[in-house]
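Fold and contact review
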Amino acid sequence: MTATLDRLESTIAARRGADPDSSYVARLNAKGMAKIAQKLGEEAVETVIAAMRGDAAELTGEAADLLFHLMVLLGASGVPIADVMAELDRREGVSGIAEKAARPRD
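Throughout what follows, the structure given in this document is the object of discussion. No experiment lies behind these values; they were computed from the predicted model shown.

Quick look at the pattern of salt bridges
- Using the criterion set out here, one finds four salt bridges in the structure.
- One salt bridge in this structure joins Glu87 and Arg90, with 2.6 Å as the shortest N-O distance. Remark: Arg90 and Glu87 occur in helix α5 (residues 81-91); sequence separation between them is three residues, near one turn of the helix.
- With a shortest N-O distance of 2.9 Å, Arg91 and Glu87 are connected by a salt bridge. Taken as a pair, Arg91 and Glu87 lie in helix α5 at a separation of four residues, close to a single helical turn.
- Connected through salt bridges with shared partners, the residues Glu87, Arg90 and Arg91 form a single ionic network.

Section: the side chain of Lys39
- The topology assignment puts Lys39 in helix α3 (residues 33-53).
- What Lys39 contacts, discounting residues up to four positions off in sequence, is Tyr24, Leu28 and His69.

Some details on the side chain of Asn29
- For Asn29, the position within the fold is in helix α2 (residues 24-31).
- Side-chain polar atoms of Asn29 contact the backbone oxygen of Val25, separated by 2.9 Å.

What to know about the environment of Ala26
- Within the secondary structure, Ala26 sits in helix α2.
- According to the relative accessible area criterion, Ala26 is buried, its value standing at 2%.
- Placed 13 residues apart in sequence, Ala26 and Ala13 show a C-alpha to C-alpha distance of 9.4 Å.
- Sequence-distant contacts of Ala26, defined by excluding residues within four places in its chain, comprise Arg15, Arg16, Ala18, Asp19 and Pro20.

What counts and how
- Residues numbered from 1 in each chain as written.
- Predicted model: local features only at pLDDT ≥ 70, side-chain atom pairs only at ≥ 80, totals over all residues.
- Heavy atoms only, no water.
- Salt bridge = Lys/Arg side-chain N within 4 Å of Asp/Glu carboxyl O.
- Helix = DSSP H or I, 4+ residues; strand = E, 2+ residues; numbered from the N terminus.
- Contact = heavy atoms within 4.5 Å.
- Polar contact = N/O pair within 3.5 Å; in protein donor to acceptor, adjacent residues only side chain to side chain.
- Buried < 20%, exposed > 50% of the residue type's maximum accessible area, 1.4 Å probe, protein only.

As structure tokens, then:
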């Protein structure tokens, strides 16, 4: 799984500086973080709708779109997927309730 995400991260990084007329990733980045975040939110909603419909094929496609747009957002933010994977590894085996309780309060 991580090999796929690593390849996707590399592809997104390579396309970030491409011509926005020929690259969707470049077009999103040219529009800025607000547009990237909006697209991620739209894909999240579409993923939830697909899950509620109970259509596994639709959910698979929407989940792929969601992951792709998350990767675009992470790349634009300078956060490598390796950092996200390391955080997931750190949380492995820890109760979600305990992990959330240990987070600093704002």
